[in-house]
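As a plain string of letters, each chain reads:
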Amino acid sequence: SASSKTVNQPADTGTISNRKLVWSEEFNYTGPPDPSKWDYEKGFVRNKEPQYYTVQRLENCRVENGMLVLEARKEKYRTPDTVADYTSASIITLGKQTWQYGRIEVRAKVPAGAGSWPAIWLLGENRLQVKWPNCGEVDIMEFLGRTPSQVYGTVHYADSTGTYRHQGEGPAVGTPADDFHIYAIEWDASQIAFYYDNLKYFVYDISKAQKGSENPFQKKFYLLLNLALGRSGSWAGTLDESMLPMKFYVDYVRVYQ
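These numbers were taken from a predicted model, which means no experiment stands behind them. (Residues numbered from 1 in each chain as written. Predicted model: local features only at pLDDT ≥ 70, side-chain atom pairs only at ≥ 80, totals over all residues. Heavy atoms only, no water.)

Draft legend 1. Broad picture of the sheet that holds strand 10 (residues 137-142). An order of 2-7-16-9-10-11-12 is seen for the seven strands of this open sheet, with the pairing classed as antiparallel. Looking at which strands have only one partner, the edges of the open sheet turn out to be strand 2 (39-40) and strand 12 (164-169). Summarising the sheet, strand 9 (residues 116-124) and strand 10 pair through five bridges and their orientation is antiparallel. The residue bridging Leu 123 from the neighbouring strand is Glu 137, located in strand 10. (Pairing = 2+ DSSP bridges. Helix = DSSP H or I, 4+ residues; strand = E, 2+ residues; numbered from the N terminus.)

Now the structure itself:
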């Protein structure tokens, strides 16, 4: 079960003492996510993942007890084209809110179990126009149930020749599924630093994505919160169905600039 809601100070107060809170979602209400802040992804969205992302379905996505709950379930769910074996949810701020630079901080508790694949991440607002990976991607946190002592922070981009690249770290941090932790980035025009609580574990040099006068990480990004599932052959690995339903809890999202 989820821990009681607490208000944490920003993890690294030295770096944000001169910043102000410009956007937050505290999830202090009950029901579906606030439609003024969140939209949904729908369907089988990426990576041939087995889960079908539903829209405005409380079984998969709801706010209760002061936090967001994203729940992956094993169930037969009829879609326009097929019958899905698993459902989950992915909510996004595209069309509602985007950011360029600042500290993006999320307090969350990831679900344990093989095949668990929750993520807190950013995509370039111009993704539909320039396509991935040219838009840039920042994975503030990915957790894989098959590596239960690690979290992953990764940047995906195209280099100056247009070649896809990715760079990141997956530090051993104990057992993150046991409790709530703060997952954050500190992002400016030159770098993106990744944090697990107070641990700064990876710094990405934005100049690696420079193409002429253009750099995707000097543009606006939107936020995604999702709970995906693994499958045989995927990075997250084979799913242990006995671990379902899985619940990914998000206590808050705060953006400082």
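Draft legend 2. Highlighting the environment of Asp 197. Within the fold, Asp 197 resides in the loop between strand 14 (191-196) and strand 15 (199-205). Through-space distance from the C-alpha of Asp 197 to that of Val 63 is 24 Å; in sequence the pair is 134 residues apart. Side-chain polar atoms of Asp 197 contact the side chain of His 181, separated by 2.7 Å. (Polar contact = N/O pair within 3.5 Å; in protein donor to acceptor, adjacent residues only side chain to side chain.)

Draft legend 3. Summary view of the pairing of strand 9. With nine of its nine residues buried, strand 9 lies for the most part within the structure. Residues Ser 116, Pro 118, Ile 120, Leu 122 and Gly 124 line one face of strand 9 and the alternating positions Trp 117, Ala 119, Trp 121 and Leu 123 line the opposite face, and both faces are buried. (Buried < 20%, exposed > 50% of the residue type's maximum accessible area, 1.4 Å probe, protein only.)

Draft legend 4. Region of the structure containing the packing of aromatic side chains. According to the stated counting rule, one finds 17 aromatic pairs in the structure shown. Seen from their ring centres, Phe 27 and Trp 38 are 6.2 Å apart, and the 20° between their planes marks the pair as stacked. Of this pair, Phe 27 sits in the loop between strand 1 (21-25) and strand 2 while Trp 38 sits in the loop between strand 1 and strand 2, and the two are eleven residues apart along the sequence. Looking at Phe 27, the relative accessible area reads 0%, which means it is buried. Seen from their ring centres, Tyr 152 and Trp 235 are 5.0 Å apart, and the 65° between their planes marks the pair as edge-to-face. On the criterion of sequence distance, the pair formed by Tyr 152 in strand 11 (residues 152-158) and Trp 235 in the loop between strand 16 (221-229) and strand 17 (246-256) is long-range, its members being 83 residues apart. Relative accessible area serves as the criterion here: at 13%, Tyr 152 is assigned to the buried category. Accessibility expressed as a relative area gives 36% for Trp 235, which makes it partly exposed. Grouped by ring-pair contacts, the aromatic residues Tyr 101, Tyr 157, Trp 187, Tyr 204, Phe 217 and Phe 221 constitute a single cluster. Seen from the ring of Trp 23, Lys 37 lies directly overhead, with NZ or CZ sitting 5.4 Å from the centre. (Phe/Tyr/Trp six-rings, centres within 6.5 Å; stacked < 30°, edge-to-face > 60°. Lys NZ or Arg CZ within 6 Å of the ring centre and 35° of its normal.)

Draft legend 5. Local environment of the pairing of strand 14. Of all six residues that make up strand 14, five are buried, and the element is covered over most of its length. Two elements, strand 13 (residues 181-187) and strand 14, share five bridges in a ladder whose sense is antiparallel. Across the sheet, the residue bridging to Tyr 183 is Tyr 196, located in strand 14. As consecutive antiparallel partners, strand 13 and strand 14 are separated by three residues. Where strand 14 meets strand 15, six bridges bridge the pair, whose relative direction is antiparallel. Counterpart to Phe 194 in the pairing with strand 15 is Phe 202. Adjacent in sequence and paired antiparallel, strand 14 and strand 15 are bridged by two residues, among which Asp 197 carries a positive phi angle near 50°.

Draft legend 6. Examining the environment of Arg 146 more closely. Assignment of secondary structure puts Arg 146 in the loop between strand 10 and strand 11. Take Arg 146: its relative accessible area is 42%, and that puts it in the partly exposed class. Among residues more than four places away in sequence, those in contact with Arg 146 are Ala 114, Trp 235, Ala 236 and Gly 237. A polar atom in the side chain of Arg 146 sits 2.7 Å from the backbone oxygen of Trp 235. (Contact = heavy atoms within 4.5 Å.)

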